[in-house]
Amino acid sequence: MAHESFEDQEAADLLNQNYVSIKVDREERPDIDSVYMSVCQALTGSGGWPLTIIMTPDQKPFYAATYLPKHSRWGNTGLIEVLNAIDGLWKNDRKKVLQAGEEITRHIKGEEKDSGDSADNPGKELFFSAATQLNRSYDKEWGGFGRAPKFPMPHNLIFLLHHSIYEQDESARAICESTLRHMYRGGIYDHIGGGFSRYSTDEKWLVPHFEKMLYDNALLSYAYLEAYKLTREPFYQSAVRGILGYIIETLTDKDGGFYCGEDADSEGVEGKFYVFDRDEITQVLREDAPFYCHWFGITEDGNFEGKNILNLIDNHNYEKKDEKIITLSRILYDYRLKRAVLHKDDKILTSWNGLMIAGMAKAYQILSEDVYLQAARNAQAFIEEKLTDKEGRLFIRYRAGETGHDGQLDDYAFYAFGLLELYQACFQVSYLQKAVSICEKMVGLFFDEKNGGFYMYAHDREKLISRPKELYDGALPSGNSVAAYVIGKLYHLTGEITWQEILKKQLKWMGREVQSSPANYSFALLAFQTVLYSPAQLVAVSSQPGIEKEIAGLKREVLTDIDIIFKNTENEGILSKIAPFTKEYPADSVKSKFYLCRNGTCLKPVDCIQELKEAIETIS
């Protein structure tokens with residue numbers, strides 16, 4: 001639409017003569033996108049992008065559509081015709097236009113009102129219902145959910161993996177493993193450069209929409225890590241290294257922040273950067289080409305518009321780590337970089353960086369490789385330096401030395417999620433302290449104290465025609481779902497009743513929505529799981545050098561979900577403020593003590609790692 005309409009002189013003249021044109025990046029202003037997408041859905045019965053809204057000067061919308069070609073064709077209304085018709089109405093019957101704007105605005109404001117009638121907190125039946133719904137939509141042949149186009153939806157998989165552990169549900173585990181394997185084998189995964197594309201256009205994950213996004217890869221790395229922790233199968237570990245290697249090599253700013261992603265097009269052609277014909281492979285790899293082509297299903301005829309998308313769909317040895325293939329792929333990777341150029345979206349978004357920090361920190365927790373911890377630390381330092389103001393409030397975006405827009409719910413919730421994973425990775429108390437501070441600001445700026453739920457934008461910032469609360473977990477989990485999850489984690493870690501009271505209100509508000517179709521709220525279900533399957537809690541008190549790594553190693557070994565507080569003589573002052581219950585556990589410069597609890601019941605404290613491991617086994 002940008003090329004066909006906005007860059008066209010005839011359309012541009014018409015727009016400039018009679019309208020004020022505003023282009024909104026929905027990644028930078030998700031609040032505007034949410035409000036006016038609800039308008040589009042109310043007026044047309046559906047939504048989508050690009051979103052076209054025409055409104056009065058005081059933000060009251062009266063026309064909505066998605067894609068508009070320049071002129072009417074194939075039954076689609078054209079932009080030129082729409083602009084001329086509305087201009088005529090504005091000049092000749094403005095009262096009608098204004099009345100329509102008033103009516104739709106009243107409707108949208110009416111929808112956002114909370115009745116206050118929230119459901120009781122749901123029980124475990126919620127998880128069984130969600131698992132059943134996901135099972136019904138599961139593609140038994142190719143994995144994933146629903147028909148093409150297929151989206152990875154990693155938070156569905158993370159929920160099912162947790163459910164399989166809590167309820168010994170082998171079916172849920174099988175769905176996850178099958179989906180994760182099929183996605184990796186398909187062309188949606190970049191077998192040369194690592195990382196996943198946005199979605200697959202076909203049922204077997206072969207032909208992707210070639211755009212790569214940071215948030216997809218952050219959440220997918222988390223899902224593959226969870227699968228590896230559960231199964232200990234090296235395949236999942238290899239997938240994680242491919243994803244995170246791509247992020248570190250391609251999407252990391254020199255100062256540590258993570259870029260948004262890479263476009264699908266090169267030189268105006270979608271996928272040109274990624275696809276090859278067989279002759280090209282032969283020219284580059286020479287005598288090794290037949291072996292390489294057989295491994296990745298490369299043929300003379302190709303599988304995508306006469307060319308080839310590398311894949312492992314028909315390769316039954318896909319799990320094998322072949323050093324020759326690794327070497328040849330690196331040669332092809334270097335050649336690919338010289339052959340074509342991809343545009344990089346170099347915006348650095350606080351919210352998406354929060355998710356990627358969580359993925360990197362989780363990778364360190366499970367794989368114990370310093371490169372991932374350092375990447376997480378660097379990105380967190382970037383947010384503190386570039387995306388935080390003097391009062392500690394967040395911005396949405398950084399690019400080329402400039403910050404943009406006041407932070408919204410997703411920024412605070414996702415960043416807190418990353419901070420808590422970072423704390424569990426290295427037990428540096430400043431990360432826990434920062435998570436508490438961010439969540440306190442999140443509650444103060446966005447929380448509805450009366451009815452529960454978090455609004456998208458802060459109470460003291462620019463007012464739109466409505467102030468929405470979003471809960472649906474789509475391609476990205478909702479800010480409300482993640483907020484509930486991190487508040488639950490904070491309560492378990494700090495023991496502060498304030499967090500428990502906020503969590504109760506939040507879950508009560510969420511319960512009404514989630515019960516109607518729980519499979520659509522899979523990250524919200526993770527928050528409910530933290531309450532209904534309370535994790536074990538460990539207070540580790542020690543000032544012995546290196547003990548943190550021993551504790552982290554133990555956590556890596558056991559399947560039991562454990563929230564860990566680490567206390568020593570250096571951090572006891574800070575911990576006593578953010579987690580006052582830790583005052584009861586005296587720090588000693590010589591001895592170590594480990595206090596393990598679950599569901600309010602605490603075992604006798606132990607003083608060595610081996611005894612702690614045995615204690616964990618007794619509560620598993």
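About the criteria used
Residues numbered from 1 in each chain as written. Predicted model: local features only at pLDDT ≥ 70, side-chain atom pairs only at ≥ 80, totals over all residues. Heavy atoms only, no water. Helix = DSSP H or I, 4+ residues; strand = E, 2+ residues; numbered from the N terminus. Rg over C-alpha atoms; globule rule 2.2 N^0.38 Å. Buried < 20%, exposed > 50% of the residue type's maximum accessible area, 1.4 Å probe, protein only. Contact = heavy atoms within 4.5 Å. Areas by Shrake-Rupley, 256 points an atom, 1.4 Å probe, with all protein chains shown as cover. Expected span 1.5 Å × (residues − 1). Pairing = 2+ DSSP bridges. Patch = residues over 30% accessible without salt bridge, like charges linked within 9 Å, V, L, I, M, F, W, Y side chains within 5 Å. Salt bridge = Lys/Arg side-chain N within 4 Å of Asp/Glu carboxyl O.

## With respect to the overall build of the chain
The helix and strand inventory of the chain stands at 23 helices and 15 strands. In terms of overall size, the chain behaves like a compact globule, its C-alpha atoms giving a radius of gyration of 26 Å where 620 residues would be expected to give roughly 25 Å. In terms of overall dimensions, the chain has a C-alpha envelope of 85 × 70 × 50 Å along the principal axes. Across the 620 residues of the chain, 57% fall into the buried class. Pairs at least 24 residues apart make up 67% of the contacts formed inside the chain by residues separated by at least 6 positions. On the chain, roughly 27,000 Å² of surface is accessible, and the fraction owed to carbon and sulfur atoms is 48%.

## Things to note about helix 16 (residues 409-426)
The end-to-end C-alpha separation of helix 16 is 26 Å, in line with the 26 Å expected for 18 residues at 1.5 Å each. Of all 18 residues that make up helix 16, 17 are buried, and the element is covered over most of its length. Backbone geometry just downstream of helix 16 places phenylalanine 427 in the positive-phi region, at approximately 60°.

## Things to note about helix 9 (residues 214-231)
With 18 residues, helix 9 extends 26 Å between its outermost C-alpha atoms, agreeing within 8% with the 26 Å of an ideal straight helix rising 1.5 Å per residue. Summarising burial for helix 9: 18 of the 18 residues are buried, a large majority.

## With respect to the sheet that holds strand 11 (residues 402-406)
Ordered by their spatial adjacency, 3 strands build an open sheet running 9-10-11, and the pairing between neighbours is antiparallel. Each edge of the open sheet carries a strand with a single partner, namely strand 9 (348-349) and strand 11. Sheet topology note: the strand 10 (residues 395-399)/strand 11 ladder contains 4 bridges and is antiparallel. Note that in strand 11 the partner of tyrosine 398 across the bridge is threonine 403.

## Focus on a nonpolar patch on the surface
Taken together, the side chains of Val20, Ile22 and Val24 make up a nonpolar region of the molecular surface, amounting to roughly 330 Å² of accessible area. Its place among the elements puts valine 24 in the loop between helix 2 (9-18) and helix 3 (30-44).

## Here we look at the sheet that holds strand 5 (residues 261-262)
Read from one edge of the open sheet, 4 strands run 3-4-5-8, paired in antiparallel fashion. The open sheet has two edge strands with one neighbour each: strand 3 (197-200) and strand 8 (344-345). Pairing of strand 3 with strand 4 (residues 208-213), which is carried by 3 bridges, proceeds in the antiparallel orientation. Paired with serine 200 across the two strands is proline 208, which belongs to strand 4.

Function cannot be read off these values alone, since they describe shape.
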